[in-house]
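Commentary on secondary and tertiary structure
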Amino acid sequence: MNDFRWAIQQEKVLFLDGATGTMLQQAGMPVGVSPERFCQENPKILQNIHEAYIKAGADIITCCTFGANPYKLSKDIDIFAFNRQMVEIARAATEVSDRPIYVAGNLGPSGQFVKPLGPIEPKDLIQGYVEQIKGLVAGGVDLLLIETQFDLAEARACVIAAREVTDLPLIVSMTFEGGSCLTGSSPEIFVATMANLGVDVVGTNCSLGPVQMEPVVKQMLAIAPMPLMAEPNAGLPVLEGDKTVFPLNPDEFAAKTAPFAQLGCRILGGCCGTTPLHISKLKAAVENLVLTKLNVVDNLGVCLTTRTNLVRLAPNAPLVLIGERINPTGKKRLTQEFQSNILTYALELADEQIAHGARVLDCNVGAPLVDETHLLPELVALLTSRLQVPLALDSSNAKAIINALPYCPGSPLVNSISGEVGRLDELGPICKQYGAPFILLPLQGKELPETTSARLGILENLLAAIERLGIPKRLIVVDLLALTVSSTPDGAKVCLETLAFCRKMGLATTLGLSNISFGLPARELLNATFLSMAAGGGLTSCIANPKASRIREALAAIDVLNNCDAQAKNFIADYGSWSSKGESLVAPKKTETLAKTLYDAVLQGDKENVLKFVAQELEGGQEPYALVQDILIPAITEVGAKYEKKEYFLPQLIRAAETMQKAFAELKPRLAAKQSETELPVIVMATVEGDIHDIGKNIVSLLLGNHGFQVIDLGKDVPATKIVACAIEHKAKIIGLSALMTTTMVKMEETIKLVKKQHLPMKVMIGGAAVTQSFADKIGADAYCVDAVMAVRTAKEILTF
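All of these numbers come straight from a predicted model, not from anything done at the bench.

Scanning the protein from N- to C-terminus turns up 31 helices and 25 strands. Rg of the C-alpha trace for the protein: 28 Å, near the compact-globule value of 28 Å for 801 residues, within the 12% margin. Overall, the protein is about 85 × 80 × 50 Å in size when its C-alpha atoms are taken along their principal axes. Within the protein, the proportion of its 801 residues that are buried is 59%. Across the protein, the fraction of contacts at a sequence separation of at least 24, relative to all contacts at a separation of at least 6, is 75%. As displayed, the protein has an accessible area near 32,200 Å², and 53% of this comes from carbon and sulfur atoms. Charged side chains of the protein number 73 positive and 85 negative; the gap between the two group centres comes to 2 Å.

What follows is the structure, given as structure tokens:
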């Protein structure tokens, strides 16, 4: 066993180092210079910082490689060589101690979004991190620390990349604000996804001080089946003079962070604003505490996740309905559309099934003349961009499943793996690497196992083979293999006996429900009755048609009887007026997948069909200017309102904005006679000098453009003089400034001072991860914007004065 893996299983706390950037600044790193370049040119300064943290009591030191990936590292620096060099510097620093000191290779975010949310292919992002990790491993790291992640898809990509290179221990840490990360994932979703990926430690760092981080830590501990790490900042940043500082001194930081150890955290450290003295005081404070024994969570069952949804397949969770309708078998229209590379009907079926209660959607594109290796990934990418429910990737073509897996940001379900020669060996390791649970079919050879003994024999053989591959039980969902009772009278009984075996083994289960009644009348009656029997035996999911009313009724009743519907709230709401003589009274739930109007297209982010709606409006006699003012802008405004109410998250916001942008581009030539672009209010946007982060600024620019502003985006690392000169040249009404780092946010004041010195009429609004209202007030900004939606509202308010 790796020494670090052994250490984290002991009943003691390990200590990480604190902020590297804070110490580099104190050592003379100039504002605007990247830590990577400064450390490359000043290796002794970096080694001294590592040594200071070790002397302060740190058990784990992190290499200065946070931004050393292909998307952030300067192009003139060799990625492999630089990462190896940083590890060697850290390793040399460990010689000052007789204690075991672990060197962690540090991987930060790329600053990019992967498809379908952003422009980067998932496999390209994975390979970018592979390049960095190879350098870290060559240098001799003991573990990898993937931290300050703000998107589930990228955190997952980092882990996948790591497992292509090494089996070293992994710590993965995400940053949360307001109960979720930037793209909407809750702490529970993050932990469940990382557990599927088999990481050794999960954690949270940055953005928050100890007080603000405590609720996040508690949420993670409630679900984590592995040790937890916490690295809070030394409080929330404030401006003192011309410097951004973190207010908690070492004693205060230690007093507020040490209780995390009693909650159950087994690795503690510090993020922004912390120093060796913070870590020393924290270690001393923890050593005086009596630690409770860790309560390892082991009853989660199988977890399927997306960025914003967690679905559990477990006896203590509601029975999950997996919608079966996206399958071309017996569907002429769907087959024809798949053959023509059209996905319209598939989207309709997705919408319909979710409306009728499906919590997972099975996706099968297998039809004659269809290239599944191309079409399944395309369908998955489209559904992932529009829906919040997990998907089941269903294909007999293993390559199709492998190609589709990267487009799922969380943990999808793979349908399926059986005893077919080579199937487990090909798909099993891939499912493990991607953290994708899979349906296990107890099939071997050409004969269907009709008896319980035959079925269990195959199942035991497959489970043994899976164990040899190192695949954990949390990734297995056993298909009970329902056979029609019309030709196999014991089919239901054998299913239930197989279910009893799986329940005893702690395995999640599913079955193709409609198979049981094939060839018989009143099929829905048989299906619903068998579902109830299986639910009593511990069935955790079923694959069925969600439109079947008796199935929905049975599922609702089962949830009540299994105490999975608190106070029968959902059952009463749906069936309060139910009658045994009538049809089901439950109306389909409203969903927002398919657009029927131009307004809907923007609201739902229907980029694929928005131009069709624009054409329909124009053909119906609508004026282009009216379409913008009366439809597009009100629609994107409602999107913003949903975002503020947390009904939408960043993926939906971006997709809606891109949809409106596409519609506006189509209308723009027709608007020339009504309003020239020079008449639009101009806003100059920029990330300040020394800062290379521009995700937030890009999102703000996109939304502002949709709301009638002419946006001039100067990009990132822009000097104040250039920003002001551009604003003067284009007669801008507003300057928008962004900064992510505390070391660069002070540069915002330079622009404000120039504007005031020259008595310019434009207003300056600012935003960024570390920026606060108090900081904005102190530097004299006209407005502070917490997010893109607020930036649009603020810009409009400025124009009214």
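The next point concerns the environment of Leu236. Inspection of the secondary structure assignment puts Leu236 in the loop between strand S7 (228–231) and strand S8 (238–240). By relative accessible area, which is 37% here, Leu236 ends up partly exposed. Taking C-alpha positions, Leu236 is 9.8 Å from Cys206, a pair spaced 30 residues apart along the chain. In this structure, Leu236 is in contact with Ser207, Leu208, Gly209, Gln212, Val245, Phe246 and Pro247, ignoring residues within four places of it in sequence.

This part covers the sheet that holds strand S20 (residues 541–544). Strand order in the open sheet made by the 8 strands is S19-S18-S17-S16-S15-S14-S13-S20, with parallel pairing throughout. Each of the sheet's edge strands pairs with one partner strand only, and the pair in question is strand S19 (508–510) and S20. Taken over all neighbouring pairs, the strand axes of this sheet differ in orientation by 30° on average, direction set aside.

The next point concerns the pairing of strand S4 (residues 143–149). Walk down a regular strand and you will see the side chains alternate between the two sheet faces. Counting buried positions along S4 yields 7 of 7 residues, so the element is predominantly enclosed. Inspection of the sheet shows strand S3 (residues 102–107) paired to S4 by 4 bridges, in the parallel sense. When the bridges of S4 are listed, Ala104 appears paired with Leu143. Viewed along the sheet, the connection from S3 through helix H6 (residues 122–139) into S4 turns out right-handed. For the crossover from S4 across helix H7 (residues 152–165) to strand S5 (residues 170–174), the handedness is right-handed.

Turning our eyes to something else, we now look at the packing of helix H25 (residues 624–644) against helix H31 (residues 788–800). Running from N to C, H25 and H31 point in directions that differ by 125°, and their axes come no closer than 9 Å. Looking at the two axes, H25 sits oblique to H31. Between H25 and H31 lies a crossing whose hand is left-handed. In this structure, H25 contributes Ile633, Thr637, Gly640, Tyr643 and Glu644 to the contact, and H31 contributes Val789, Arg793 and Lys796. Taken together, the residues that form the contact of H25 with H31 break down as 3 nonpolar, 2 polar and 3 charged.

Before going further, it helps to examine the pattern of salt bridges. A complete count under the given rule lists 25 salt bridges for this structure. With a shortest N-O distance of 2.8 Å, Asp76 and Arg37 are connected by a salt bridge. Here Asp76 is found in the loop between strand S2 (60–62) and helix H5 (79–93), whereas its partner Arg37 is found in helix H3 (residues 35–41), with 39 residues between them in sequence. When its relative accessible area of 24% is taken as the criterion, Arg37 is described as partly exposed. Residues Glu348 and Arg333 are paired through a salt bridge, measuring 3.2 Å at the closest nitrogen-oxygen approach. Note that Glu348 is positioned in helix H14 (residues 344–355) and Arg333 in helix H13 (residues 332–339), a separation of 15 residues in sequence. Residue Glu348 is classed as partly exposed on the basis of its relative accessible area of 29%. It is possible to trace a salt-bridge network through shared partners that takes in Arg386, Asp606, Glu608 and Arg655.

The next subject is the packing of aromatic side chains. In the structure shown here, the tally under the stated rule is 4 aromatic pairs. Consider the rings of Phe176 and Phe190, whose centres lie 6.1 Å apart with planes at 65°: the pair is edge-to-face. One end of the pair, Phe176, is in the loop between S5 and helix H8 (187–197); the other, Phe190, is in helix H8, and 14 residues separate them in sequence. For Phe176, a relative accessible area of 1% translates into the label buried. Relative accessible area serves as the criterion here: at 0%, Phe190 is assigned to the buried category.

The next subject is helix H29 (residues 748–757). Looking only at H29, the buried set comprises Met748, Glu749, Thr751, Ile752 and Val755. Buried residues of H29, seen end-on, are gathered within an arc of 160° and therefore sit on one face of the element. In H29, those exposed residues whose orientation departs by more than 90 degrees from the buried face are Lys753 and Lys757. On its buried face, H29 sits against helix H28 (720–729), strand S23 (734–738), strand S24 (763–767) and helix H30 (773–779).

Taking 1.5 Å of rise per residue, 15 residues should cover 21 Å, and helix H15 (residues 372–386) covers 21 Å from first to last C-alpha, within 8% of that figure. With respect to burial, H15 is a largely interior element, 12 of its 15 residues being buried. Of the residues making up H15, those classed as buried are Glu372, Leu375, Leu376, Pro377, Leu379, Val380, Ala381, Leu382, Leu383, Thr384, Ser385 and Arg386.

Where burial is concerned, the two faces of strand S22 (residues 710–713) differ: the one with Gln710 and Ile712 is buried and the one with Val711 and Asp713 is not. Where strand S21 (residues 682–687) meets S22, 4 bridges bridge the pair, whose relative direction is parallel. Bridge pairing in S22 places Val682 opposite Gln710.

So, about the side chain of Gln47. With respect to the secondary-structure elements, Gln47 resides in helix H4 (residues 43–55). Owing to a relative accessible area of 17%, Gln47 belongs among the buried residues under this scheme. Look past the residues within four positions of Gln47 in its chain and what remains in contact with it is Ile89, Ala92 and Ala93.

Basis of the calculations
Residues numbered from 1 in each chain as written. Predicted model: local features only at pLDDT ≥ 70, side-chain atom pairs only at ≥ 80, totals over all residues. Heavy atoms only, no water. Helix = DSSP H or I, 4+ residues; strand = E, 2+ residues; numbered from the N terminus. Rg over C-alpha atoms; globule rule 2.2 N^0.38 Å. Buried < 20%, exposed > 50% of the residue type's maximum accessible area, 1.4 Å probe, protein only. Contact = heavy atoms within 4.5 Å. Areas by Shrake-Rupley, 256 points an atom, 1.4 Å probe, with all protein chains shown as cover. Lys, Arg positive; Asp, Glu negative; His and termini not counted. Charge placed at Lys NZ, Arg CZ, Asp CG, Glu CD. Pairing = 2+ DSSP bridges. Axes fitted to C-alpha atoms, helices over the stretch in contact; angles between N-to-C directions. Right-handed = clockwise from strand over helix to strand, strands pointing away. Parallel < 35°, antiparallel > 145°, perpendicular 65-115°, else oblique. Left-handed = near helix turned anticlockwise from the far one by under 90°. Nonpolar A, V, L, I, M, F, W, Y, C, P; charged D, E, K, R; others polar. Salt bridge = Lys/Arg side-chain N within 4 Å of Asp/Glu carboxyl O. Phe/Tyr/Trp six-rings, centres within 6.5 Å; stacked < 30°, edge-to-face > 60°. Arc of directions from axis to C-beta. Expected span 1.5 Å × (residues − 1).

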